[in-house]
Structures are given as structure tokens and as C-alpha cells.
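One-letter residues, chain by chain:
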Amino acid sequence: QVQVVESGGGSVQAGGSLRLSCAASGRAFSSYAMGWFRQAPGKEREFAAAINWSGGRTYYAESVKGRFTISRDNAKNTVYLQMNSLKPEDTAVYYCAVSRRRIEVPVTSSDYDYWGQGTQVTVSS
């Protein structure tokens, strides 16, 4: 079992920045792909960003490309999501997820095995 805990959410004005962190338990963290998803009120959960086990490959949803950056520190069992130029439409609960599958940068929620509880991000105009 892998425990996943997000932190770093909060409220910010449009154009501002936030950095989310996600700590995952387990000695095999460095072998897992990691992803961030988000769910806005009344909408389905959607993919935001993913990173492979080494950090050498990343993938982003079109809606966040150029504004968000996913990274990881395997020595700290932590993955980050740096969010810049935030927009009101980025308001959502952000979830971190762990994938143990042999998929380098998974983009669908069904390819992830463990999920955190989520952290709220609110962007005001």
C-alpha cells in the first residue's frame, strides 16, 4: 500500500502562482510514474500533468501547458506541481496519483493505482 499526501493548495489571485507538493510512501517511489489530476465543481476529474520515474519525461494537458511544471525529487519521495499564471478556470481540487504500471507517462486515471485526498486550489479574478 502506498500512502499519498498532497499539500500546498490555497487561494490566489489570477496571474499568481502556487506550488503543490505530493509525498508518497514506499521504497519503490523512484520506480513509479506520478501524475496530477484536478476536478472542478460539477465536472469530471481531468488529467493535468504526469512525469516518468526518473523525471526525464513529462506530459501536460493542453490547458496547462506552458504554465504548469511537474517535477520530482526521488530522494525525498516527492513530486511537485509548479503552477504559474493561474486563471480562475484552474480552480479545482488537485489530486496526486501513483502509477505502478509499465506506462512511462500515464494520462488516464484508470492507469493510476493510488490517490491522495486532494488539495483545494482557488483562483479569484
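Treat the numbers as computed from the prediction; the structure is a model and nothing was measured.

Asker: Please clarify how the pairing of strand S4 (residues 33-39) should be interpreted in this entry.
Answerer: Working note: regular strand, side chains alternate between the two faces of the sheet. In terms of burial, S4 is largely enclosed, as 6 of its 7 residues are buried. The pairing of S4 with strand S9 (residues 92-99) spans 7 bridges and is classified as antiparallel. Across the sheet, residue Gln 39 finds its bridge partner in S9, namely Val 93. Bridging between S4 and strand S5 (residues 46-51) involves 5 bridges; their strand directions are antiparallel. Bridge pairing links Arg 38 to Glu 46 in S5. Counted between consecutive antiparallel strands, the loop separating S4 from S5 contains 6 residues, among which Gly 42 sits at a positive phi close to 75°.

Asker: Which parts of the structure should I look at to understand the layout of surface pockets?
Answerer: A probe as big as a water molecule, rolled over the atoms, marks out the empty space that is left. Empty space within the largest pocket amounts to approximately 160 Å³. Together, Ser 31, Tyr 32, Ala 33, Asn 52, Trp 53, Ser 99, Arg 100, Arg 101, Arg 102, Ile 103 and Glu 104 line the largest pocket. Each residue belonging to the lining of the largest pocket can be placed in one class, and the counts come to 4 nonpolar, 3 polar and 4 charged.

The rules behind these values
Residues numbered from 1 in each chain as written. Predicted model: local features only at pLDDT ≥ 70, side-chain atom pairs only at ≥ 80, totals over all residues. Heavy atoms only, no water. Buried < 20%, exposed > 50% of the residue type's maximum accessible area, 1.4 Å probe, protein only. Helix = DSSP H or I, 4+ residues; strand = E, 2+ residues; numbered from the N terminus. Pairing = 2+ DSSP bridges. 1 Å grid on protein atoms, 1.4 Å probe; cavity = no way out; pocket = protein on both sides within 12 Å on 5 of 7 lines; lining within 4 Å. Points joined across faces, edges and corners; volume = space filled by probe spheres on them. Nonpolar A, V, L, I, M, F, W, Y, C, P; charged D, E, K, R; others polar.

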